Amino acid sequence: MIFQWQIFVDGVFRATVSSINEQGAIDFWYMHFGGASKYTGIGRDQIKAVRI
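Cut-offs used in this document
- Residue positions are given per chain, counting from 1 as you read along its sequence in written order.
- Per-residue local features of the predicted model are confined to residues with pLDDT of at least 70, and side-chain atom pairs are confined, for both listing and counting, to 80 or more; whole-chain, interface and lining totals are unaffected and use all residues.
- In computing side-chain values, all of the structure's heavy atoms are included and hydrogens and water are not.
- Secondary structure elements are defined from DSSP: runs of H or I of at least 4 residues count as helices, runs of E of at least 2 residues count as strands, and each element is numbered from the N terminus.
- Whenever two N or O atoms come within 3.5 Å, that pair is a polar contact, provided that in protein one can donate a hydrogen and the other can accept it, and provided that, for residues adjacent in sequence, both atoms are side-chain atoms.
- A residue's pLDDT is the predictor's confidence in that residue, given on a scale from 0 to 100.
- We define a nonpolar core as any set of buried Ala, Val, Leu, Ile, Met, Phe, Trp, Tyr and Cys residues linked to one another through side-chain atoms lying within 4.5 Å.
- Using a 1.4 Å probe on the protein chains alone, a residue whose accessible area is under 20% of its type maximum counts as buried, one over 50% counts as exposed, and one in between counts as partly exposed.
- Any two residues whose heavy atoms approach within 4.5 Å are treated as being in contact.
- A helix is expected to span 1.5 Å for every residue after the first.
- Each direction from the helix axis to a C-beta atom contributes to the arc, which is the arc of those directions.

(A) Structural context of the environment of Asp10. Along the chain, Asp10 turns up in the loop between β1 (3-9) and β2 (12-19). Distance in space between the C-alpha atoms of Asp10 and Asn21 is 20 Å, their sequence separation being 11 residues. A distance of 3.0 Å separates the side chain of Asp10 from the side chain of Gln46, its partner in a polar contact.

In structure tokens form, the structure reads like this:
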């Protein structure tokens, strides 16, 4: 089943995405907007997904 997830970066709401699980939602956002260095971009550990 596909769920809706709210994406938060450093506690700030950014978007709503669809994914099967939390990790998939985080990966989707990270692949589009993240970067290898959290000092120059968004690091994976800064992203939080909350199921709606």
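Still to come is the rest of the account.
(B) Looking closely at the confidence of the model for the protein. Residues at a pLDDT of 70 or more form 90% of the protein, whose mean pLDDT is 89. By mean pLDDT, the top-scoring element of the protein is β1 (96), and the lowest-scoring one is helix α1 (residues 22-33) (91).

(C) Structural view of the nonpolar core. Formed by Trp5, Ile7, Val9, Ala15, Val17, Ala25, Ile26, Trp29, Tyr30, Ile42, Ile47 and Ala49, the largest nonpolar core amounts to 12 residues. Listed by contribution, the elements that provide at least two residues to this core are β1, β2, α1 and β3 (47-51). A per-element tally of this core places α1 first, with 4 residues. Excluding residues that lie within four positions of it along the chain, Val9 makes contacts with Arg14, Trp29, Ile42, Gln46 and Ile47.

(D) The arrangement of α1 in detail. Here α1 spans 17 Å end to end across 12 residues, near enough to the 16 Å set by a 1.5 Å rise per residue. Burial in α1 covers these residues: Ala25, Ile26, Trp29 and Tyr30. End-on, the buried residues of α1 take up no more than an arc of 130 degrees, which puts them together on one face. Opposite the buried face of α1, by more than 90 degrees, sit the exposed residues Met31 and His32.

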